[in-house]
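Understanding the architecture of this molecule
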Amino acid sequence: MGKVEEFEELRPLLFSIAYRILGSVGEAEDAVQETWLRNDASTTRPVSVKAFLSATVTRIAIDVLRSARVRREEYVGPWLPEPLLDDPYQDPARAAELADSVSMAALLLLERLSPLERSVFVLREVFAFGFDDIAAAVGRSEAACRQLLVRARRHMNEGRPRFEADRQERQELARRFFEALAQGDVDGLRSLLSADVQLVGDGGGKAPQLARAVAGAENVARLLATVYPLMARVDITFEPHEVNGQPGALFRDRDGKVLHILALDVLDGQIQTIRSVINPDKLGHLGPVADAWAVDQEVKQTRKQTQ
């Protein structure tokens, strides 16, 4: 197998490592591309191509993450990861770990870790790399990596998200949620939300958003039941789709352009958190992006007409 074929076979794994470290589809894709350039320029063949490429993409992602930390501190409003509709890397033996580790809740927890802790945790807990390969990837001793993992596990376990174990039940609850949403059914929505549910929006200062943060079943249900019927009247449609391994939906304008996504965290038969990403910079990888400001103006005009 030649260099190109070897790399393409490992590309899904490399992207999945980089995305979990960075929380950004675009930055992960750039890290994978830079990995290819370094691999192509190398004149020596590594003993393990998988270990070599994984170490390379990890080191690149660590460098990117360190510089991204400053940008995220200056971010306008809540920061959420770029939504991922389909994880290209699949491993039936680790399906549960892969799904949980890519959820928005898990990625937000990973944000609490240092770049090294985050990388060690991802390589060990998600992808089951040996400590020898992890040490080579992050440039630390195996003993140091074990200590980094202990600290990372402690931080993650303190707030580790738990999701509905039964996938079918989770999807059924999501179906009922989006049905109630389409109908503007306040009572129907309220019945599906936990008492302390949170609605968090990420517009990044570049798009209008439902709200930066709203809490409580009554408040969230009334906001959603007010806004979405108005959006439907200006031809906004949505299609249910898994978002970061959890139930969600992709919303489009009348021209089929991506407006925003919603992702749901489900636990104990109720929706615990609703996350909305409408920042256009985080949606471009999903297709042409709608003009959210224009949609917002249409919705406001529609509201005036109905009052």
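Just above, that's the structure.
Summary of the structure given here. Owing to the predicted nature of the structure, the values given are computational and were not obtained by experimental measurement.

**Here we look at the overall build of the protein chain**
Per the secondary structure count, the protein chain includes 12 helices and six strands. A compact globule built from 307 residues should have a C-alpha radius of gyration of about 19 Å, and the protein chain, at 21 Å, falls within 12% of that. Per-residue burial over the protein chain gives 51% buried out of 307 residues. Across the protein chain, contacts joining residues at least 24 apart in sequence account for 67% of those joining residues at least 6 apart. Accessible surface for the protein chain amounts to roughly 14,200 Å². Of this, 48% is attributable to carbon and sulfur atoms. For the protein chain, the distance from the average site of its 39 positive side-chain charges to the average site of its 46 negative ones is 4 Å.

**A short note on the pattern of salt bridges**
For the structure shown, the criterion picks out 24 salt bridges. Among the salt bridges present, the one from D187 reaches R190, with a minimum N-O distance of 2.7 Å. Of this pair, D187 and R190 are both found in helix α10 (residues 186-192), three residues apart, which corresponds to roughly one turn of the helix. Relative accessible area serves as the criterion here: at 26%, R190 is assigned to the partly exposed category. The shortest N-O distance in the salt bridge between R252 and E239 comes to 3.1 Å. Of this pair, R252 sits in strand β4 (residues 248-252) while E239 is found in strand β3 (residues 237-240), placing the two residues 13 residues apart along the sequence. For E239, a relative accessible area of 32% corresponds to the partly exposed category.

**Observations concerning the nonpolar core**
In globular proteins that are soluble, nonpolar side chains generally tend to be buried together. One finds I17, Y19 and F127 to be the most contacted residues of the largest nonpolar core, which totals 49 residues. Residue assignment for this core shows that the elements contributing at least two residues are α1 (3-22), α2 (25-41), α3 (49-73), α4 (95-102), α5 (104-110), α6 (115-126), α7 (131-138) and α8 (142-159). A total of 10 residues in this core trace back to one element, the largest contributor, which is α1. Ranked by size, the runner-up nonpolar core spans 38 residues in total, among them V197, V227, L230 and A290.

**Considering the environment of G23**
Note that G23 resides in the loop between α1 and α2. The spacing of G23 and P81 is 58 residues in sequence and 4.9 Å in space, taken between C-alpha atoms. With sequence-adjacent residues up to four places away left out, G23 is seen in contact with A18, W79, P81, E82 and R118.

**Digging into the packing of aromatic side chains**
Enumeration over the complete set of coordinates arrives at seven aromatic pairs. Here the aromatic rings of F178 and F238 are separated by 5.4 Å at their centres, their planes lie at 40°, and the arrangement is tilted. Linking F178 in helix α9 (residues 167-183) with F238 in strand β3, this pair joins segments that are 60 residues apart in sequence. A residue is classified by how much of its surface remains accessible, and F178, at 4% relative accessible area, is buried. Measuring from ring centre to ring centre gives 5.1 Å for F238 and F251, while their planes differ by 35°; the resulting arrangement is tilted. Linking F238 in strand β3 with F251 in strand β4, this pair joins segments that are 13 residues apart in sequence. Ring-pair connections join several aromatic residues into one group, and the members of that group are F177, F178, Y228, F238 and F251. Directly above the ring of F129 sits K50, whose terminal nitrogen or CZ lies 5.4 Å from the centroid. One residue, R146, lies across the ring of F131, its end atom 4.1 Å from the ring centre.

**Thoughts on unusual backbone geometry**
Even without glycine at this site, D235 takes up a positive phi of about 70°. Take D235: it is sitting in the loop between α11 (217-233) and β3. Residue classification places D235 among the partly exposed residues on the basis of a relative accessible area of 41%. Phi at N244 is positive, roughly 55°, even though this residue is not glycine. Tracing the sequence through the fold places N244 in the loop between β3 and β4.

Criteria and thresholds
Residues numbered from 1 in each chain as written. Predicted model: local features only at pLDDT ≥ 70, side-chain atom pairs only at ≥ 80, totals over all residues. Heavy atoms only, no water. Helix = DSSP H or I, 4+ residues; strand = E, 2+ residues; numbered from the N terminus. Rg over C-alpha atoms; globule rule 2.2 N^0.38 Å. Buried < 20%, exposed > 50% of the residue type's maximum accessible area, 1.4 Å probe, protein only. Contact = heavy atoms within 4.5 Å. Areas by Shrake-Rupley, 256 points an atom, 1.4 Å probe, with all protein chains shown as cover. Lys, Arg positive; Asp, Glu negative; His and termini not counted. Charge placed at Lys NZ, Arg CZ, Asp CG, Glu CD. Salt bridge = Lys/Arg side-chain N within 4 Å of Asp/Glu carboxyl O. Core = buried A, V, L, I, M, F, W, Y, C linked by side-chain atoms within 4.5 Å. Phe/Tyr/Trp six-rings, centres within 6.5 Å; stacked < 30°, edge-to-face > 60°. Lys NZ or Arg CZ within 6 Å of the ring centre and 35° of its normal.

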